[in-house]
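# Summary of structural features
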Amino acid sequence: MSIPQSGGGPIESFDQLAAYMESGCKPAADWRIGAEHEKFGWLTDTRLPLPYAGDRSISAIFAQLESRYGWHPLREGEHVIGLTRNGANISLEPGGQFELSGAPLTSTLDVGAELQNHLDEVRSIAEPMGVRFMGIGAAPEWTHDQMPVMPKGRYRLMTDYMGRVGTHGTQMMYRTCTVQVNLDYGSEADFVQKLRVALALQPVATALFASSPFFEGKPNGFRSWRSRIWRSLDASRTGMLPFVFDKGMGFQRYVDWVLDVPMYFVYRDGKYIDALGQSFRDFLAGKLPALPGEKPTLSDWADHMTTVFPEARAKKFIEMRGADCGDQTHIAALPAFWVGLMYDQTALDSAWDLVRGLDAETREGLRVAASVSALQGEAGGVKLLDLARAAVGLSHAGLVARGLGEEVQLLPLVESLKTGKVQADNWLDLYNGPWGHSLTPLYDAASL
């Protein structure tokens with residue numbers, strides 16, 4: 001989840017909202033890669049989730065990351081709720097999922113090195129405590145009541161609201177983990193093309209990275225339960241955004257959609273003010289019930305943009321949000337997959353040619369099929385295995401064209417395309433075979 005935004009002055013004109021997105025446009029030479037991944041901490045003697053406080057806890061790990069490795073604390077009230085260092089952040093999801101939001105880097109090889117360094121630092125602290133972390137899309141056994149609750153005001157508000165809309169919101173918040181990458185755009189036209197390709201191919205990412213076939217102690221009938229959960233959330237702020245494919249799509253059309261999404265909060269003086277269900281349009285008019293007579297700043301707008309959760313999300317960059325977290329090689333493969341498609345114009349044009357004929361029903365059908373069957377899914381006559389082969393091939397060509405050797409990071413995806421099986425399939429085979437229907441071995445198998 002995002003940390004509070006800062007640095008924005010008052011919004012004096014409606015045009016500033018789209019201009020905020022336009023300000024993210026950069027020349028290709030300045031495009032960067034920002035990778036994020038979430039992971040579950042667990043206690044090795046009990047296999048229970050890592051708590052926030054105590055001798056073996058998130059707080060204890062934070063303290064040592066600060067003292068031993070030069071991370072700087074981010075506080076909310078008396079609690080440390082994150083760390084920052086050299087453009088990177090470590091933050092907490094609602095159930096204690098430990099998230100690295102990496103610094104903006106120039107190559108996916110740099111991203112892989114950043115990931116390795118992060119895992120080395122965390123392991124050096126956690127393992128002597130009897131703590132490990134696992135890369136998996138959903139908690140395989142823990143119930144909602146077993147999950148710790150992080151001391152963040154934003155999450156208290158969201159938990160309350162998620163209970164009113166949809167049916168799976170708190171499962172998403174407390175018991176899922178993702179890996180994503182944030183990528184730049186050069187112009188409004190580039191933004192539109194990239195967002196369209198990103199949305200249309202998110203089902204491929206969901207299929208290739210599916211790693212959540214277990215929930216509450218048993219198989220759940222899906223390869224990506226995390227993706228299934230997102231289909232039963234707040235429909236006003238999630239999904240495949242069919243309007244993105246309409247004629248006239250641009251920054252302003254995206255802004256219009258975000259304005260229609262109900263608010264969660266306003267952040268003031270270190271506190272989250274409850275604005276659940278209220279309208280940002282009313283806020284612009286000085287008529288927000290939570291803050292009567294007050295008008296928003298650009299920081300308020302940036303905060304509100306972080307409360308929408310489509311499969312690909314736009315801010316001053318585009319976030320690819322369709323993948324489960326997995327092992328280290330898959331965490332590194334996700335940025336490589338999207339960079340190959342997005343940062344080489346020939347690959348991007350070819351990717352758009354690949355998906356431009358898909359209608360909204362087929363795109364949504366592929367999203368559902370990916371969550372259920374991963375690479376074996378199909379919808380509208382389109383087989384995900386065929387689409388994934390084409391997409392990974394284009395990504396490989398795009399990475400080769402960059403000339404940095406990044407294509408090596410696609411190897412776990414290439415292997416899945418050979419076998420037709422992803423991490424979820426492999427774990428189900430083990431569960432039904434050598435593991436004897438026990439999930440105990442999964443904790444070691446999924447450990448980072």
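Placed above this text is the structure.
Quick caveat, the model's predicted, so the values are computed rather than measured. (Residues numbered from 1 in each chain as written. Predicted model: local features only at pLDDT ≥ 70, side-chain atom pairs only at ≥ 80, totals over all residues. Heavy atoms only, no water.)

## Thoughts on the overall build of the chain
Within the chain, the regular secondary structure consists of 17 helices and 17 strands. Taken against the 2.2 N^0.38 rule, which gives 22 Å for 448 residues, the C-alpha radius of gyration of the chain at 21 Å falls within 12% of a compact globule. If one aligns the C-alpha atoms of the chain with their principal axes, the spans along those axes are about 65 × 55 × 40 Å. Out of the 448 residues in the chain, the part that is buried amounts to 60%. (Helix = DSSP H or I, 4+ residues; strand = E, 2+ residues; numbered from the N terminus. Rg over C-alpha atoms; globule rule 2.2 N^0.38 Å. Buried < 20%, exposed > 50% of the residue type's maximum accessible area, 1.4 Å probe, protein only.)

## Quick notes on the side chain of Asp425
Mapped onto the secondary structure, Asp425 falls in helix H16 (residues 423–432). Contacts of Asp425, omitting those with residues within four sequence positions, involve Arg223, Ala374 and Gly420. (Contact = heavy atoms within 4.5 Å.)

## Describing the pattern of salt bridges
Considering all chains together, one arrives at 22 salt bridges under this definition. A salt bridge links Arg389 to Asp386, with the nearest nitrogen and oxygen atoms 4.0 Å apart. Note that Arg389 and Asp386 are positioned in helix H14 (residues 384–402) at a spacing of three residues, about one turn of the helix. Residue Arg389 is classed as partly exposed on the basis of its relative accessible area of 42%. (Salt bridge = Lys/Arg side-chain N within 4 Å of Asp/Glu carboxyl O.)

## With respect to the pairing of strand E3 (residues 79–85)
Most of E3 is tucked away, with five of its seven residues classed as buried. Relative to E3, strand E2 (residues 72–76) runs antiparallel, the two sharing five bridges. Considered in E3, the bridge of Leu74 is made with Gly82. As consecutive antiparallel partners, E2 and E3 are separated by two residues, and within that stretch Gly77 has a phi angle of approximately 65°, a positive value. One ladder, built from four bridges, connects E3 with strand E4 (residues 88–92); its direction is antiparallel. Its bridge partner lying in E4, Leu83 is registered against Ile90. (Pairing = 2+ DSSP bridges.)

## Digging into the nonpolar core
By size, the foremost hydrophobic cluster in this structure holds 155 residues, and its most contacted members are Tyr254 and Trp338. The leading source of residues in this core is helix H6 (residues 188–208), at twelve residues. Among all residues touching Tyr254, those that are not within four sequence positions of it are Met21, Leu195, Leu241, Phe243, Met249, Met305, Val308, Pro310, Arg313 and Ala314. (Core = buried A, V, L, I, M, F, W, Y, C linked by side-chain atoms within 4.5 Å.)

## Considerations on helix H8 (residues 251–259)
Buried within H8 are the following residues: Phe251, Tyr254, Val255, Trp257, Val258 and Leu259. Tucked into the core, H8 has its buried residues touching helix H1 (15–22), H6, helix H9 (280–284), helix H10 (298–305), strand E13 (309–310) and strand E14 (312–314).

## Structural notes on the packing of aromatic side chains
Enumeration over the complete set of coordinates arrives at 22 aromatic pairs. Consider the rings of Phe243 and Trp257, whose centres lie 5.9 Å apart with planes at 40°: the pair is tilted. Taken together, the residues Phe243 in the loop between strand E10 (238–239) and H8 and Trp257 in helix H8 connect sequence positions 14 residues apart. With respect to class, Phe243 is no different from Trp257; both count as buried. Of the aromatic side chains, those joined through ring pairs into one cluster are Tyr185, Phe191, Phe243, Phe251, Tyr254 and Trp257. Taking the ring centre of Phe243 as reference, the NZ or CZ of Arg253 above it sits at 4.2 Å. Taking the ring centre of Phe245 as reference, the NZ or CZ of Arg363 above it sits at 3.5 Å. (Phe/Tyr/Trp six-rings, centres within 6.5 Å; stacked < 30°, edge-to-face > 60°. Lys NZ or Arg CZ within 6 Å of the ring centre and 35° of its normal.)

## Structural notes on unusual backbone geometry
One non-glycine residue, Glu216, lies in the positive phi region at around 50°. Relative to the assigned elements, Glu216 resides in the loop between strand E8 (214–215) and strand E9 (218–219). You can call Glu216 partly exposed: its relative accessible area is 40%.

## Thoughts on a nonpolar patch on the surface
Together, Leu109, Leu404, Val408 and Leu411 line one region of the surface with nonpolar side chains, adding up to about 340 Å² of accessible area. Mapped onto the secondary structure, Leu411 falls in helix H15 (residues 411–419). (Patch = residues over 30% accessible without salt bridge, like charges linked within 9 Å, V, L, I, M, F, W, Y side chains within 5 Å. Areas by Shrake-Rupley, 256 points an atom, 1.4 Å probe, with all protein chains shown as cover.)

## Some words on the packing of helix H2 (residues 58–69) against helix H3 (residues 108–129)
Closest axis-to-axis distance for the H2/H3 pair is 10 Å, and the angle between their directions is 130°. What the angle tells us is that H2 and H3 run oblique. Our pair here, H2 against H3, has a crossing hand that is right-handed. Residues Ala60, Ile61, Gln64, Leu65, Arg68 and Tyr69 of H2 form the contact with H3, whose participating residues are Glu121, Ser124, Ile125, Ala126 and Met129. Each residue belonging to the contact of H2 with H3 can be placed in one class, and the counts come to seven nonpolar, two polar and two charged. (Axes fitted to C-alpha atoms, helices over the stretch in contact; angles between N-to-C directions. Parallel < 35°, antiparallel > 145°, perpendicular 65-115°, else oblique. Left-handed = near helix turned anticlockwise from the far one by under 90°. Nonpolar A, V, L, I, M, F, W, Y, C, P; charged D, E, K, R; others polar.)

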